[in-house]
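Structural features, examined
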Amino acid sequence: MKLSVGIITFNEENRIGKTIDAIKGIADEIIVVDSESRDRTVEIAKFKGAKVFVEKWKGYGPQKNSVLEKCCGEWILLLDADEVVSSELKEKIKMIINSSNPSSEVYKIKLRNIAFGRKIKFGGWDDYVIRLWKNGKVKISNREVHEKYQTKEKIEKINELIIHYTYDSIEEFLEKLNRYTSQSAKEYIKNKKNPSFIKIYSKMLFRFVKMYILQLGFLDGYEGYLLAKYSSIYTMTKYTKLREAYYNTLGKDTSLVITTYNWPDALKLCLESVLAQTVLPHEIIVADDGSREETANLVRDFQISNPFVKIIHSWQEDKGFRAGMSRNRAIAKATGNYVIIIDGDLILERHFVQDHIEKKENGFFIQGSRVIISKDKSQKIINGEKLNLWKNLFDKNFKNKLNMIRNSILSKILTKKDKNLKGIRSCNMSFFKKDLELVNGFEEKIEGWGREDSELALRLFNNGIKKKKLKFSALTYHIFHKENDRSHLKENDKLLSDAIKNKKMVAEKGLNQYD
């Protein structure tokens, strides 16, 4: 068997017949892998003599590889369903496959694109593509879109044409645009790419300028303008979908733990700021240290109003200040591999969750900072006043004002990595869950206010896990409240001092109680 012709199809009833007719006379077998077409594609292909295999869509690379697996010929000609072999090319292929000494074993063939009824010769569309090779000499990558053809052989060019019928109408272009851009975004998201607005806009603009001006697309008249315009829209749409997918999936492995105790007004503001994040966590766990019914009702209201977000109320009996136990119970319930811990008296800047996730790094936990709001201003905010960066930056009711500024360059320069207990505050921290499990979470022997966070950090340090202290990133605003009872502080200082002295590594009474 000399030549196998392979074609992948999906809803190509208007074109597949012409494609198959054009290669009759040189094809010993025609292999069609169809992606569950909803029109007459399969019926027509079979009528024209093709062997048809109907398979679920796996992406362009995998689908084409499925075709290659089924080809038995000495040579393979791989076509798209909207490509027609010219009569001149047909003769050229016949000469190559019947030659006892062909000039190469892999060939690029010239494409002549037809778009909106016109032959397109400029704008970068008049190109060569690998289509003909000896069986086994070319491999196709398994990328879902923009698959790559790989070969170690010398590649020769064939100037005889494949006629490529791209788009008959704007409607068809937009339909394919939507499908292709979704597949491209899905492929790119695997590499965790996140294009900025500037990148999206500049790539869109450059695509138009390159096609229409630098590659002389204007010489193809109105159709050349349409192709340049809609190709730039394709670029913009692809990267916009990628950006959307990035934010929709970034938090899928992250749990957010919010500690609270009998302050539903503050918790309401905190939860509202969580739901306004650019990136939502996979789940929100309210670690409740024994609040009254008002807090349970508030959480229930948020659960009902936001069914798209998993909100868990983790409550324990009120037996005094037991923040460590409350957090451990919540961490045990967490299904994410990354855990962000905040207090319920914080209002989060909208990039807070995104910043923690993007800055996470194996071998480190993250310590964030906060802006302190005055008593009078806090009450106004509880009563409905909104935060405003530029207005608040010059307001004497806010302390630590540099912590209001989010800047990626300053953050990269000023973020520090160390093993210093100074500045440890569990109101704004994040950890890999495996690291919390390694040290057995918070030490529950520490009760009352103070040092449970420093003692946890110490044990993390003793296990080789360092602190990454973020600046100009992961911003929060702290709502004023009276200082907590510090009657246990002396005892807790002693527990911390002993932990330092004994180089303590694991909590004696901790997370493993809740397995």
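Only a predicted model underlies this, so the values are computations on that prediction, with no experimental measurement involved.

Turning to the packing of helix H5 (residues 170-189) against helix H7 (residues 221-250), a few remarks are in order. H7 packs onto H5 with a crossing angle of 40° between their chain directions and a minimal axis gap of 8 Å. Note that H5 runs across H7; the crossing there is right-handed. The residue makeup of the contact of H5 with H7, split by class, is 17 nonpolar, seven polar and two charged.

Glancing now at the confidence of the model for the protein. In the predicted model, the protein carries a mean pLDDT of 92, and 100% of its residues have values of at least 70. Mean pLDDT across the elements of the protein ranges from a minimum in helix H13 (residues 389-392), with 79, to a maximum in strand S13 (residues 283-288), with 98.

Read across the open sheet, the eight strands follow the order S14-S13-S12-S15-S21-S17-S22-S20; overall the sheet is mixed. Each having just a single partner strand, strand S14 (310-315) and strand S20 (416-418) make up the two edges of the open sheet. For this sheet, the mean angle separating the axes of adjacent strands, direction not counted, is 20°. In the sheet, S13 pairs with S14 via six bridges, with the strands oriented parallel. When the sheet's bridge partners are listed, alanine 287 is paired in S14 with serine 314. Sheet strands touched by helix H8 (residues 264-275): strand S12 (254-260), S13 and strand S15 (338-343). Its angle to S12, the strand with the most contacts, is close to 165°. Relative to the sheet, helix H9 (residues 293-305) contacts S12, S13 and S14, its axis offset from that of S14 by approximately 165°.

Per the stated rule, a full pass over the model turns up 45 salt bridges. Of the charged contacts, one joins aspartate 21 and lysine 48 as a salt bridge, the two residues approaching to 3.1 Å between their closest N and O atoms. One end of the pair, aspartate 21, is in helix H1 (residues 16-23); the other, lysine 48, is in the loop between helix H2 (41-47) and strand S3 (51-54), and 27 residues separate them in sequence. Given a relative accessible area of 36%, aspartate 21 falls into the partly exposed group. Of the charged contacts, one joins lysine 64 and aspartate 80 as a salt bridge, the two residues approaching to 3.7 Å between their closest N and O atoms. With lysine 64 in helix H3 (residues 60-70) and aspartate 80 in strand S4 (residues 75-80), the pair connects residues that are 16 residues apart, well separated along the chain.

Another point: the domain arrangement of the protein. Domain annotation for the protein reports domain 1 (3-167), domain 2 (170-248) and domain 3 (254-513). Using only C-alpha atoms to locate each centre, domain 2 and domain 3 end up separated by 41 Å.

A few words on helix H4 (residues 87-97). For H4, the set of buried residues is Leu89, Lys90, Ile93, Ile96 and Ile97. What you see down the axis of H4 is that its buried residues fit within an arc of 130°, all on one side. Turned more than 90 degrees away from the buried face of H4 sit Ser87, Glu88 and Met95, all of them exposed.

Attention now goes to the nonpolar core. Of all hydrophobic cores here, the largest spans 34 residues; its most connected members are Leu3, Ile7, Ile23, Leu77, Leu79, Ile93 and Leu132. Not counting the four nearest positions on each side in its chain, isoleucine 7 is found in contact with Ile16, Thr19, Ile20, Ile30, Ile31, Val32, Val33, Val67, Leu79, Asp80 and Ala81. Ranked by size, the runner-up nonpolar core spans 30 residues in total, among them Leu256, Ile258, Val286 and Ile357.

Further remarks concern the side chain of arginine 131. One can find arginine 131 in strand S8 (residues 128-134). Looking at arginine 131, the relative accessible area reads 6%, which means it is buried. With near-sequence residues (within four places) excluded, arginine 131 lies in contact with Ile76, Leu77, Leu78, Leu79, Asp80, Glu83, Tyr107, Ile109, Tyr149 and Ile162.

Moving on to the side chain of glutamate 349. Positionally, glutamate 349 belongs in the loop between strand S16 (346-348) and helix H11 (352-359). Of the side chains bearing the opposite charge, arginine 406 lies closest to the buried glutamate 349, which forms no salt bridge; the N-O distance is 4.2 Å. Engagement of the side chain of glutamate 349 in a polar contact is seen with the side chain of histidine 351, the distance being 2.8 Å.

Attention shifts here to helix H10 (residues 323-333). Burial within H10 is extensive, with eight of its eleven residues counted as buried. Taken as a whole, H10 has its buried residues at Ala323, Gly324, Met325, Ser326, Arg327, Asn328, Ala330 and Ile331. If you follow the buried residues of H10, they end up packed against S12, S13, S14, S15, helix H15 (433-438) and helix H16 (452-462).

This brings us to the sheet that holds strand S23 (residues 476-478). Hydrogen bonds between backbone groups are what pair the strands of a sheet, and the pairing can be parallel or antiparallel. Ordered by their spatial adjacency, four strands build an open sheet running S16-S23-S18-S19, and the pairing between neighbours is mixed. What marks the edges here is a single partner per strand, and that holds for S16 and strand S19 (398-399). Pairing between strand S18 (residues 371-373) and S23: two bridges, direction parallel. Across the sheet, residue valine 371 finds its bridge partner in S23, namely tyrosine 477.

Two elements in contact, H7 and H11, have axes separated by 11 Å at closest approach and are oriented at 85°. Classified by the angle their axes make, H7 and H11 are roughly perpendicular. Mapping the contact onto sequence places Tyr246, Tyr247 and Leu250 in H7 and Gln354, Ile357 and Glu358 in H11. Here the residues of the contact of H7 with H11 sort into four nonpolar, one polar and one charged.

Backbone geometry places asparagine 262, a non-glycine residue, at a positive phi of 50°. Structurally, the position occupied by asparagine 262 is in the loop between S12 and H8. Backbone geometry at phenylalanine 472 places phi at a positive 60°, although glycine is not the residue there. Looking at where phenylalanine 472 falls in the secondary structure, it is placed in the loop between strand S22 (466-469) and S23. Here phenylalanine 472 falls in the buried class, since its relative accessible area comes to 10%.

A few words on a nonpolar patch on the surface. Residues Phe197, Ile198, Tyr201 and Leu205 make up a contiguous nonpolar surface patch of roughly 480 Å² in combined accessible area. Here leucine 205 shows up in helix H6 (residues 197-214). The class of leucine 205 is partly exposed, set by a relative accessible area of 45%.

Conventions adopted
Residues numbered from 1 in each chain as written. Predicted model: local features only at pLDDT ≥ 70, side-chain atom pairs only at ≥ 80, totals over all residues. Heavy atoms only, no water. Axes fitted to C-alpha atoms, helices over the stretch in contact; angles between N-to-C directions. Helix = DSSP H or I, 4+ residues; strand = E, 2+ residues; numbered from the N terminus. Left-handed = near helix turned anticlockwise from the far one by under 90°. Nonpolar A, V, L, I, M, F, W, Y, C, P; charged D, E, K, R; others polar. pLDDT = per-residue confidence, 0-100. Pairing = 2+ DSSP bridges. Contact = heavy atoms within 4.5 Å. Salt bridge = Lys/Arg side-chain N within 4 Å of Asp/Glu carboxyl O. Buried < 20%, exposed > 50% of the residue type's maximum accessible area, 1.4 Å probe, protein only. Domains from an automatic or database assignment. Arc of directions from axis to C-beta. Core = buried A, V, L, I, M, F, W, Y, C linked by side-chain atoms within 4.5 Å. Lys, Arg positive; Asp, Glu negative; His and termini not counted. Polar contact = N/O pair within 3.5 Å; in protein donor to acceptor, adjacent residues only side chain to side chain. Parallel < 35°, antiparallel > 145°, perpendicular 65-115°, else oblique. Patch = residues over 30% accessible without salt bridge, like charges linked within 9 Å, V, L, I, M, F, W, Y side chains within 5 Å. Areas by Shrake-Rupley, 256 points an atom, 1.4 Å probe, with all protein chains shown as cover.

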